[in-house]
Amino acid sequence: MTNPPRQRVWNTPTGRANFILFPGVEEDCSVSDPAMLRLATLRSHDQYNTTIYSLDDRYRGVFGGRMVVFMNEADMQSRGITEGDMVEIESLAEDGKRRVVGGFWAKSHSISVGSIGAYYPETNPLLPLAYHDLKSGTPAAKSIPVLVRPEPLQLNPGT
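Residues numbered from 1 in each chain as written. Predicted model: local features only at pLDDT ≥ 70, side-chain atom pairs only at ≥ 80, totals over all residues. Heavy atoms only, no water.

Enquirer: I would appreciate a short explanation of the pairing of strand β6 (residues 99-108) in the present structure.
Expert: Sheet faces and side chains relate simply in a regular strand, where the side chains alternate between the two faces. With 4 bridges connecting them, strand β4 (residues 68-71) and β6 associate as parallel partners. Looking across to β6, one finds that F70 is bridged to K107. Across 5 bridges, strand β5 (residues 86-91) lies against β6 in antiparallel orientation. Bridging from a neighbouring strand, I89 pairs with V101 of β6. (Pairing = 2+ DSSP bridges. Helix = DSSP H or I, 4+ residues; strand = E, 2+ residues; numbered from the N terminus.)

Here it is, written out as structure tokens:
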């Protein structure tokens, strides 16, 4: 059996593939903060859903830990972050609740400018419960608006 698209034949009035956008489908609500990045949560090599079998991720060159945020070099430079720096990530939700996770180290990665990646469930606290698909209930964990900044220095209270 033939499959016209496989042969790059499109049986349409234009002779080209036509894509249709459904009305009401909006992705990535706008955020006014110019420092905002989009967090996509990731699984590591040795992870099945939320079951973590090791602290290594050979796909991304991470060994012995999961508290990593993958960033584009340009985004790191514009924020004064260098590879290995400790950072905190704060979600930008409109519900007024402050959601921050810390203790992550920055790793340069080939990811689009304006985007970052980090493992879940470590970054689950950043995802507001309201950020989900209305029909399926699936969490919107691939585009969480966040800020990334160097982690504040912790002073030892005994000094």
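Enquirer: What should I look at first to understand unusual backbone geometry in this one?
Expert: Residues other than glycine predominantly adopt negative phi, and peptide bonds predominantly adopt the trans conformation. Following Y120, the chain continues to P121 via a peptide bond in cis, the omega torsion being 15°. Phi at R8 is positive, roughly 65°, even though this residue is not glycine. As for its position among the elements, R8 is in the segment before β1 (37-42). By relative accessible area, which is 65% here, R8 ends up exposed. (Buried < 20%, exposed > 50% of the residue type's maximum accessible area, 1.4 Å probe, protein only.)

Enquirer: What is the right way to look at the pattern of salt bridges in this model?
Expert: Opposite charge on two side chains permits pairing when their charged atoms draw close. Across all of its chains, the model carries 8 salt bridges by this definition. Note that R98 and E90 form a salt bridge whose closest N and O atoms lie 3.3 Å from each other. On the basis of relative accessibility, which here comes to 60%, the residue R98 falls in the exposed class. Taken together, the salt bridges that share partners define one network made up of E88, E90, R98 and R149. (Salt bridge = Lys/Arg side-chain N within 4 Å of Asp/Glu carboxyl O.)

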